[in-house]
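Listed here are the chains, written in short residue letters.
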Amino acid sequence: MLMLSERQQIVDYGLKMIRSGLTTGSGGNLSILSPADNLIAISPSGIDYAAVTVADVVVVDRAGQKVEGERKPSSELGFHLALYAARNEITSVVHTHSVYATTLACLHWELPAVHYLIAFSGDKVPLAPYATFGSDELAANIIASIGSYNAVLLANHGLVAVGKDMKNCFNVAEEIELVARIYYQTKSLGQPVLVDAEEMKKVVMKFNSYGQQD
Ligand SMILES: [Zn+2]
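The residue numbers shown here count from 1 along each chain, following its written sequence. Where local features are concerned, this predicted model is filtered to residues with pLDDT of at least 70; where side-chain atom pairs are given and counted, the filter is 80 or more; whole-chain, interface and lining totals use all residues. Note that water and hydrogens are dropped before the side-chain values are worked out from all heavy atoms of the structure.

1. Focus: the packing of helix α2 (residues 77-86) against helix α4 (residues 136-146)
Defined as follows: Axis lines are fitted through C-alpha atoms, for helices just across the contact stretch, and the angle between N-to-C directions can take any value from 0 to 180 degrees. Note on conventions: DSSP H or I runs of at least 4 residues are helices, E runs of at least 2 residues are strands, and numbering of each starts at the N terminus. Helix crossings are classified by the rotation of the near helix relative to the far one: an anticlockwise turn of less than a right angle makes the crossing left-handed, while a clockwise turn makes it right-handed. Whether two residues are in contact is decided by their heavy atoms, any of which lying within 4.5 Å being enough.
Here α2 crosses α4 at 35°, and the two axes come no closer than 9 Å. Here the hand of the crossing between α2 and α4 comes out right-handed. Here α2 contributes Gly78, Phe79, Ala82, Leu83 and Ala86 to the contact with α4, which in turn contributes Leu138, Ala139, Ile142, Ile143 and Ile146.

And the structure:
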């Protein structure tokens, strides 16, 4: 079976995604690129994460042609492929409908630097304009908006995170959901005080040079 260890990670992190409340049902999706094989393992479309097995994970080439697997790949395959094409340094993509990030996305807000952990994305999380799920237009909007950030909010939809590996990528999705929740709560109580731009530059540099921080 091609990409067995990556397929196992898709199964494991799919379960993590549902158990940590980052998504519900079969919502959201995740993929891993193997640079050695030049192939991508992606979660199947419409199967509950608890029921997904390694055989259900679909392997496609970089053009999206199925190479191995019986299932249909995630309906968001298009933006996963577009992200791997646009960002050489990434090998993982996670897409969630996590509640607080999605709340901000439904207001068409970006997520600003309300907490230094925003550095998991950069100095903010940008917003991609709305387009129908699974469409080429959505993929184009994501690429235009994410730039070199590691996360992007999708208007009226959810969140996309990218990373150098699945562990890192999942961390980005989790930490950005935390910051989104903090932002929501601070906005509910008063006017959040943002970390200033100079300080965020420092934090982002520290994240880049020392890896992920606790
Ligand atoms: Zn979605």
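Okay, back to it.
2. Re the nonpolar core
Quick reminder of the rule: Put simply, a nonpolar core is a bunch of buried Ala, Val, Leu, Ile, Met, Phe, Trp, Tyr and Cys residues held in one set by side-chain atoms that sit within 4.5 Å of each other. Each residue's exposure class comes from its accessible area (1.4 Å probe, protein chains only) as a fraction of the maximum for that residue type: buried when under 20%, exposed when over 50%, partly exposed otherwise.
Counting 46 residues, the largest nonpolar core has Leu30, Leu111, Val125, Leu153, Leu159 and Ile176 as its most contacted members. Only α1 (4-19), β1 (29-34), β2 (39-42), α3 (99-106), β7 (151-154), β8 (158-163), α5 (166-189) and α6 (197-210) provide two or more residues apiece to this core. A total of nine residues in this core trace back to one element, the largest contributor, which is α5. Contact partners of Val125, with chain neighbours within four places excluded, come to Glu110, Leu111, Ile118, Ala151, Val152, Leu153, Leu159 and Ile176. Core analysis: the next-biggest nonpolar cluster, separate from the first, contains 23 residues, Ile40, Val58, Leu77 and Tyr149 among them.

3. What about the packing of aromatic side chains?
Inclusion rule: Only rings of Phe, Tyr and Trp enter the pairing, Trp through its six-membered ring, and a pair is recorded when the two centres are within 6.5 Å. The plane angle decides the type: under 30 degrees is stacked, over 60 is edge-to-face, the rest tilted.
Scanning all chains against the criterion turns up five aromatic pairs. With 6.4 Å between their ring centres and 75° between their planes, Tyr116 and Phe207 make a pair best called edge-to-face. Placement of the pair is Tyr116 in the loop between α3 and β6 (127-128) and Phe207 in helix α6, with a sequence separation of 91 residues. Judged by relative accessible area, Phe207 falls into the buried class, the value being 6%. Taken together, the ring pairs in this structure connect Tyr116, Phe120 and Phe207 into an aromatic cluster.

4. Here's the deal with the pairing of strand β3 (residues 58-61)
Our working rule: Think of it this way: DSSP has to see at least two bridges between two strands before they count as a pair.
Examined bridge by bridge, β2 and β3 share four bridges and lie antiparallel to one another. When the bridges of β3 are listed, Ile42 appears paired with Val58. In this structure, β3 lies alongside strand β4 (residues 66-68), joined through two bridges in antiparallel fashion. Pairing of Val60 across the sheet is with Lys66, part of β4. Connecting β3 to the next strand, β4, in antiparallel fashion are four residues, including Gly64 with a positive phi near 95°.

5. Thoughts on the coordination of the zinc ion
Rule in force here: Because no water is among the atoms considered, metal sites can look incomplete, with donors defined as N, O and S atoms within 2.8 Å of the metal, or 3.2 Å for Na, K and Ca.
Ligation of the zinc ion by protein atoms is provided by His95 (NE2), His97 (NE2) and His157 (NE2), these donors lying 2.0 to 2.1 Å from the ion. Spacing between the donor residues of the zinc ion along the chain follows H-x1-H-x59-H. With His97 in the loop between β5 (92-96) and α3 and His157 in the loop between β7 and β8, this pair connects stretches of sequence that are 60 residues apart. Take His97: its relative accessible area is 33%, and that puts it in the partly exposed class.

6. Points about α1
Here is the rule we go by: To estimate the expected span of a helix, count its residues, drop one, and scale the result by 1.5 Å.
For α1, with 16 residues, the first-to-last C-alpha span of 23 Å sits near the 22 Å given by 1.5 Å per residue. Residues of α1 that are buried sit in contact with β1, β2, β3, β4, β5 and α5. Remark: Gly21 follows α1 within two positions and exhibits a positive phi of approximately 80°.

7. Describing the environment of Val52
Mapped onto the secondary structure, Val52 falls in the loop between β2 and β3. Spatially, the C-alpha atoms of Val52 and Asp12 are 9.4 Å apart, while their sequence positions differ by 40 residues. Once residues within four sequence positions are removed from consideration, Val52 is found in contact with Val11, Pro44, Ile47 and Val57.

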